Amino acid sequence: MNTTIIAIGIVAYILGMFPTALLVGRCIDRNPLSEGSGNPGASNIYRIGGRAAGITVGLIDMAKGAIPTLMASLLWDRRAMLAAWVGAILGHIWPILKLLPRSKLRGGKGVATSAGGVLVLDPLLFAICITTFVVVCRLTRIAALASFSVTAIYFASVIIGGRSSEEILTVAVVVLIILWCHRSNLQHLWRGKELKV
């Protein structure tokens, strides 16, 4: 079973590396690595390329988390689903292909890919989280603040919901990774300089 879990994680990691923002940016002649916040994610593409481009990136990045998690749910158990979820997130954030010479690949911050996995793991919680994200974004126009809000809601819900210690630990690790990836956003929020969408 451990070998299967590792294999699932590796396959999900490979899927997670798909460079959505770079490809969409190329289609609209924008470079998310050098424009806006410099982050190849849905929020930055939305900021520099408009709503359609941002939504496209967001949906595809969500699919990177949802598809491997769904496949794991159909073929194996919840432990495998968690492995697929984490693998996809790690592939999105830290793609090993960026180590290649002249590679322009850079990872995102993992929010959309995480959300895609949550859609499969907890559809009801996903609905609550996505609603919260949209409301906070509309009120503040700060995507990072919306991301922090839904991350906190999901983590609290997993704990209150009495999930297994393994799942709680997995979600805790994902939360810490997302917070780490957003450390500059936290600093900008504190200084009142966070970019808006």
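The structure displayed is predicted, hence computed values, not measured ones.

Undergrad: Looking at this model, I keep getting lost on the pattern of salt bridges. Mind explaining?
TA: Where charged atoms from two side chains of opposite charge come close, those side chains can pair. Tallied over the entire structure, the rule returns seven salt bridges. Notably, a salt bridge pairs Arg30 with Glu35, separated by 2.5 Å at the nearest N-O pair. Classification of Arg30 by relative accessible area gives partly exposed; the value is 33%. Linking Arg163 and Asp122 is a salt bridge whose minimum nitrogen-to-oxygen distance equals 2.7 Å.

Undergrad: When you look at the environment of Lys64 in this model, what are you seeing that I'm missing?
TA: Mapped onto the elements of the fold, Lys64 is located in helix α4 (residues 51-75). Given a relative accessible area of 6%, Lys64 falls into the buried group. The spacing of Lys64 and Cys27 is 37 residues in sequence and 20 Å in space, taken between C-alpha atoms. What Lys64 contacts, discounting residues up to four positions off in sequence, is Leu15, Gly16, Phe18, Thr20, Ala88, His92 and Thr113. From its side chain, Lys64 meets the backbone oxygen of Gly16 in a polar contact 3.0 Å long.

Undergrad: I'm lost on a nonpolar patch on the surface in this one. Help?
TA: Together, Val11, Leu15, Ile67, Leu70, Met71, Leu74, Leu75 and Trp76 give the surface a local cluster of nonpolar side chains, amounting to about 790 Å² of exposed area. Breaking the nonpolar patch down by element, the ones donating at least two residues are α1 (2-16) and α4. A per-element tally of the nonpolar patch places α4 first, with five residues. Tracing the backbone shows Ile67 in helix α4. Classification of Ile67 by relative accessible area gives partly exposed; the value is 49%.

What counts and how
Counting of residues starts from 1 at the beginning of each chain's written sequence and follows it residue by residue. The predicted nature of this model means local features are confined to residues of pLDDT at least 70 and side-chain atom pairs, given and counted, to a pLDDT of 80 or more, with totals for whole chains, interfaces and linings taken over all residues. Only hydrogens and water are set aside; all other atoms, that is, all heavy atoms of the structure, feed into the side-chain values. A side-chain nitrogen of Lys or Arg and a carboxyl oxygen of Asp or Glu constitute a salt bridge if their distance falls within 4 Å. Buried residues are those whose accessible area, probed at 1.4 Å on protein chains only, stays under 20% of the maximum for their type, while exposed residues exceed 50% and partly exposed ones sit between those limits. Elements are defined by DSSP. Helices are runs of H or I of four residues or more, strands are runs of E of two residues or more, and each kind is numbered from the N terminus. By definition, residues are in contact when any of their heavy atoms lie within 4.5 Å. The term polar contact refers here to a pair of N or O atoms within 3.5 Å; inside protein, the definition further demands a hydrogen-donor-capable atom paired with an acceptor-capable atom, and it admits residues adjacent in sequence only when both atoms are side-chain atoms. Patches were defined on residues exceeding 30% relative accessible area and lacking a salt bridge, with like-charge contacts within 9 Å and nonpolar side-chain contacts (Val, Leu, Ile, Met, Phe, Trp, Tyr) within 5 Å. Note on areas: these come from Shrake-Rupley sampling with a 1.4 Å probe, and a residue is covered only by the protein chains present in the view.

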